[in-house]
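Overview (structure and organization)
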Amino acid sequence: MPVLKRNLTRLALMVGIGLATTLISAGVTVAVRSNYADSAAKEIPATAIAASPSTSPTDPSTNRFRQLAQLPQAQQIERLEQLARSNRASVERNRARYSLADLYLQQNRPNEALPLLDGLEQEYDLLADHVLLQKARAYSLARNPSQAQATWQQLLSRYPQSPAAAEALYALGSSNRDYWNQVLSQFPGHPRSGEIARSLLGQTANQPEWMLVLARYAPERAETLPVLDRLVSSYASRLSPDDWEAVAYSYWQNQVYRKAASAYTRATPSARNLYRLGRSLHRLDDKRGAYNVYARVVAQYPGDVDAGNALMRMPGITTAADALRLLDQAIANYPDRAAEAGLAKVRIYERAGNAQAAQAARTLLLSRYANSEAAAELGWTLARSRAQRGDLAGAIQQAQAVMANASENSEFGPQAGFWAGKWTQRLGQTAAARATFQQVLNRHPQSYYAWRSAGLLGWPVGNFNNARQAAYAIQPPRRLTLGAGSAQVQELYLLGADRDAWSRWQSETPDRVNRTVAQQFTDGVLRLGVNDNFEGIYQISSLLWQDIPPEQRPQLEALKQKSDFWEALYPMPYREGITTWARQRSLNPLLVMALIRQESRFEASIRSSAGALGLMQVMPGTGQWIAGKIGLGRYSLANPDDNLKLGTWYLDYTHREYSNNSMLAVASYNAGPGNVASWVRRFGLRDADEFVENIPFSETRGYVKSVFENYWNYLRLYSPEIHQELAQFQAAQPSQ
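Computed from a predicted structure; not experimentally measured. Every chain begins its residue count from 1, and numbering advances along the sequence as written. Given that this is a predicted model, residues contribute local features only at a pLDDT of at least 70 and side-chain atom pairs are listed and counted only at 80 or more, while totals for whole chains, interfaces and linings are drawn from all residues. Hydrogen atoms and water are omitted, and side-chain values are computed over all heavy atoms in the structure.

Side note on the overall build of the protein
Per the secondary structure count, the protein includes 41 helices and 2 strands. Both definitions apply: the radius of gyration is a C-alpha atom measure, and the globule rule equals 2.2 Å times residues to the power 0.38. For a compact globule of 736 residues, the expected C-alpha radius of gyration is about 27 Å, and the protein comes in at 27 Å, within 12% of that figure. Overall size of the protein, expressed as C-alpha extent along the three principal axes, is 85 × 60 × 55 Å. The rule is simple: take the accessible area with a 1.4 Å probe, protein chains only, and divide by the maximum for that residue type; under 20% is buried, over 50% is exposed, in between is partly exposed. The burial tally for the protein puts 58% of its 736 residues in the buried class. Here, two residues are considered to be in contact whenever any of their heavy atoms come within 4.5 Å of each other. Restricting to contacts in the protein with at least 6 residues of sequence separation, those with at least 24 account for 60%. The protein chains shown are the only cover counted for residues, whose accessible areas, like all others here, come from Shrake-Rupley with a 1.4 Å probe. Carbon and sulfur atoms provide 48% of the accessible area of the protein, an area that totals close to 29400 Å². Secondary structure elements follow DSSP: runs of H or I of four or more residues count as helices, runs of E of two or more count as strands, with numbering from the N terminus.

Concerning helix H28 (residues 498-508)
With 9 of 11 residues buried, H28 lies mostly within the body of the structure. Every buried residue belonging to H28 is among Asp 498, Asp 500, Ala 501, Trp 502, Ser 503, Arg 504, Trp 505, Gln 506 and Ser 507, and all of these are buried. Buried residues along H28 sit against helix H4 (91-106), helix H7 (128-141), helix H9 (164-172), helix H11 (191-201), helix H27 (487-494) and helix H29 (517-529).

Focus on unusual backbone geometry
Within the chain, Tyr 574 stands out as a residue other than glycine whose phi angle is a positive 60°. As for its position among the elements, Tyr 574 is in the loop between helix H32 (563-569) and helix H33 (575-584).

Quick word on the nonpolar core
Generally speaking, a soluble globular protein has its nonpolar side chains buried in company with each other. Among buried residues, those of type Ala, Val, Leu, Ile, Met, Phe, Trp, Tyr and Cys that are joined through side-chain atoms within 4.5 Å constitute a nonpolar core. Judged by nonpolar contacts, the single largest core of 220 residues is most densely connected at Trp 423, Phe 708, Tyr 711 and Trp 712. Counting residues per element, this core draws most heavily on helix H40 (residues 698-718), which supplies 10 residues. Those residues in contact with Tyr 711 that lie beyond four places of it in its chain are Trp 451, Val 461, Gly 462, Ala 470, Tyr 472, Asn 588, Leu 590, Leu 591 and Ala 594. Grouped together as the second largest cluster of nonpolar side chains are 6 residues, Leu 365, Ala 374, Ala 375 and Leu 378 included.

Regarding the side chain of Gln 398
Within the secondary structure, Gln 398 is located in helix H23 (residues 392-405). Given a relative accessible area of 15%, Gln 398 falls into the buried group. Apart from residues lying up to four places away in sequence, Gln 398 is in contact with Leu 366, Gly 379, Leu 382, Ala 383 and Arg 386.

Describing the environment of Glu 508
By the element assignment, Glu 508 lies in helix H28. Sequence separation of Glu 508 and Phe 187 is 321 residues, and the distance between their C-alpha atoms is 8.8 Å. Residues within four places of Glu 508 in sequence aside, it is in contact with Pro 163, Ser 486 and Val 489.

Some details on the packing of H28 against H29
Helix packing for two helices is described by the angle between their axes and how far apart those axes are. Note on method: axes are straight lines fitted to C-alpha atoms, helices fitted across the in-contact stretch only, with angles between N-to-C directions ranging 0 to 180 degrees. Where H28 meets H29, the axes come as close as 9 Å, and the angle between the chain directions of the two elements is 145°. For the crossing formed where H28 meets H29, the hand is left-handed. Contacts between H28 and H29 involve Asp 498, Ala 501, Trp 502, Trp 505 and Gln 506 from the first element and Gln 519, Thr 522, Asp 523, Leu 526, Arg 527 and Gly 529 from the second. Crossings are sorted by hand: turned counterclockwise from the far helix by less than a right angle, the near helix makes the crossing left-handed, and turned clockwise it makes it right-handed.

A few points about the layout of surface pockets
In the cavity and pocket records, a cavity denotes points on a 1 Å grid over the protein atoms alone where a 1.4 Å probe fits but cannot get out, a pocket denotes an open set with protein on both sides within 12 Å along at least 5 of 7 lines, and lining residues are residues with an atom within 4 Å of a point. Grid points are joined across faces, edges and corners, and a volume is the space filled by probe spheres set on the points. Approximately 1300 Å³ is the volume attributed to the second largest pocket. If you go around the second largest pocket, you meet 42 residues; those closest to its centre are Ala 69, Gln 76, Arg 479, Asp 498 and Gly 529. Elements supplying a minimum of two residues to the lining of the second largest pocket: helix H2 (60-68), helix H3 (73-84), H4, H27, H28, H29, H32 and H33. If you tally residues by element for the lining of the second largest pocket, the top one is H4, at 4 residues.

Quick word on the pattern of salt bridges
Salt bridges, as used here, are contacts in which a Lys or Arg side-chain nitrogen is within 4 Å of a carboxyl oxygen on Asp or Glu. Applying the stated criterion across every chain yields a total of 41 salt bridges. Close ionic contact of Glu 121 with Lys 135 constitutes a salt bridge, the shortest N to O distance being 3.4 Å. Separated by 14 residues along the polypeptide, Glu 121 in helix H6 (residues 120-123) and Lys 135 in helix H7 bring together distant segments of the chain. Here Glu 121 matches Lys 135 in class, with each residue buried. Residue Arg 221 pairs with Glu 223 through a salt bridge whose shortest N-O separation is 2.4 Å. Among the residues examined, Glu 223 registers a relative accessible area of 36% and is labelled partly exposed. The network of salt bridges with shared partners includes Arg 384, Lys 422, Arg 426, Arg 452, Asp 687, Asp 689, Glu 690, Glu 693 and Lys 705.

Digging into the packing of aromatic side chains
A pair of aromatic rings is counted whenever rings of Phe, Tyr or Trp (Trp by its six-membered ring) have centres within 6.5 Å, and the orientation is called stacked for planes under 30 degrees apart, edge-to-face for over 60 and tilted otherwise. Considering all chains together, one arrives at 28 aromatic pairs under this definition. One aromatic cluster is present, formed by Trp 380, Phe 418, Trp 419, Trp 423, Phe 437, Tyr 448, Tyr 449, Trp 451, Phe 464, Phe 708 and Tyr 711 through successive ring pairs. We note Arg 479 situated over the ring of Tyr 493; from NZ or CZ to the ring centre the distance is 4.1 Å. Criterion for a charge above a ring: Lys NZ or Arg CZ within 6 Å of the ring centre, and within 35 degrees of the ring normal.

Comments concerning H4
To estimate how far a helix should reach, multiply one less than its number of residues by 1.5 Å. The terminal C-alpha atoms of H4, which comprises 16 residues, lie 23 Å apart, in line with the 22 Å expected from a rise of 1.5 Å per residue. Of all 16 residues in H4, 14 are buried, a share of seventy percent or more.

Details of the packing of helix H22 (residues 373-388) against helix H24 (residues 412-426)
At a minimum axis separation of 9 Å, H22 and H24 run at an interaxial angle of 25°. In terms of their interaxial angle, H22 and H24 are classed as roughly parallel. Between H22 and H24 lies a crossing of left-handed hand. Facing H22, whose interface residues are Glu 373, Ala 376, Glu 377, Trp 380, Ala 383, Arg 384 and Ala 387, H24 presents Phe 412, Gln 415, Ala 416, Trp 419 and Trp 423. Note that the term roughly parallel is reserved for angles under 35 degrees, roughly antiparallel for angles over 145, roughly perpendicular for angles of 65 to 115, and oblique for everything else.

Some details on the environment of Asn 371
By the secondary structure assignment, Asn 371 is in the loop between helix H21 (355-368) and H22. A distance of 3.1 Å separates a polar side-chain atom of Asn 371 from the backbone oxygen of Asn 405. Polar contacts here mean pairs of N or O atoms no more than 3.5 Å apart (in protein, one a potential hydrogen donor and the other a potential acceptor; neighbouring residues in sequence count only if both atoms are side-chain atoms).

Considering the confidence of the model for the protein
The pLDDT value expresses, per residue, how confident the predictor is, ranging between 0 and 100. When pLDDT is averaged along the protein, the result is 90, and 92% of the positions lie at 70 or above. Within the model, pLDDT remains below 50 along residues 1-54, and this stretch shows 212 contacts once partners closer than five positions in the same chain are excluded.

Below is the structure:
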């Protein structure tokens, strides 16, 4: 039977407090990251532009407009029409007029939008420039070019420095290219600059400054790569070290490591640039070259985070004796990497068969660095080993110690806690087992193991056997609160003007690398608003595992306490289509949502190296087979509706193959029915949790856990019933 998706590659995208390793197709056409040391840009302090009082999250009008975003468009229009008819000038009336006009323009109803915009710039000072922008668009849609031209010019005259002026310059540039040159020079970070640069480069190839605009402001886009190739081949002698850094970063973002390495050799010297040079060589299997560059980083930039990253890479590409020397150096000079280095020493001694040294290193790690993730990993390994030998009492004690010492961000803490509960249950200690499951749920509520614990505690959250049929009332996603951005950006986002909010944000924050926690979160949320879902989820999820500067860690901790963070991390793009096709196939919509988040991060045009396409990553051959089964003639796997139609059919098929066991159905979706059938014969299904842990393919094992972790997070965030039950449970728990 054809398999929907093959050849996945592991990514360190930690998508929940449980930090379960997630997976995505190899070779996708969007930027894919590998691990925190490779991709996390070292942030520097920056001051976010404060929002005006009118955008305060506690303002009644703000809350009202945030609630409006949950309604279908027809209901939004009905409510906005009522607010816009108010005779009394107010912030709410201005917002309603602007929002309603924007919806009319989206529906190509300019003649209804124009009266709402008439004179609004005089009353709505905060968005006066954008009111003129909307007026000009309305005149263009109404086929009134003279009025559109006059309004564009009015916008340029009154607000020449506003990012909205870039739209006017872009429109006027269709007849006078001088305006386009002005966009490139004045607003290089604006998305219109990228469009202009690509357009002009299609006509002439001798403008390196246009190529550099794409290198600096669209580094993650795959279509930037051929432009970079032209730039390097034709203008290398004219590039400055800073130009080379921009070129190298773009190659790095797109995983073109050979070209990235070449560019980084000519880039501005820094710990980050040298580390990425070394890492590029490492990925190209040039171990000697990588080792030498790593050593240079360590020697020239002692104490820098990337010197620590380089030092921790070196043991993997040298002799055991040299590795031990390097790890001792890391322990002595990089306290935050000491535990990780200690665990690496344990592994070296184990491979060498030096039992005495290995035991000493284990004891040191577990005693001196008990609260580290390295200690949690080692402790969990020891606990599982004891359980496999039949020493359940010892395994429970070891696992409970792991959970007690692990941080809330631990990957191994919730796993150890859950299995401590399972093993306690096997010993017939029901009350103690329940207490342990409650601890997992309370300490690691975003994890896969929290979902399994909730199920074993009797919560109505579904399990492997009934997740398909589970039905819940679901609250639609809210309009979130941005953490940064100008008052205009925040206002536009609040009103649902996502494209304009995104464009303004891009223009106002041209630095794509050095961002604060608040800025990175805002960037992710705004990307989700314009359906750049893969990159949006990446920006938000990477906050959980990046190297965050100490002065910004309190900001991150505060952000993680807000529901906005988790709702942004688990968005609901294509919700209506997913719900429609899930119900058509008698599938739980949240399970389908969870699987799509894992497969494609909601990128409709994403393609894997194996050729799998779209939201549900359907292989062309599989799609053709399904289309024949359901009598579908013409279809496109890049079309979200077609992809959902075919993908949900296959997910229904895998469920039917395994008597509606969702765990086996999800595993089969990833690894194929043949592999899953062989695993069932080999391991049996006496204990489904054991089966998951024993899946031989690490990719599929991680995939199953990640899909159900996604499912649980959608459930706890958007089901009022489960959300309230979890909140009440946590409120009743003693403080940690």
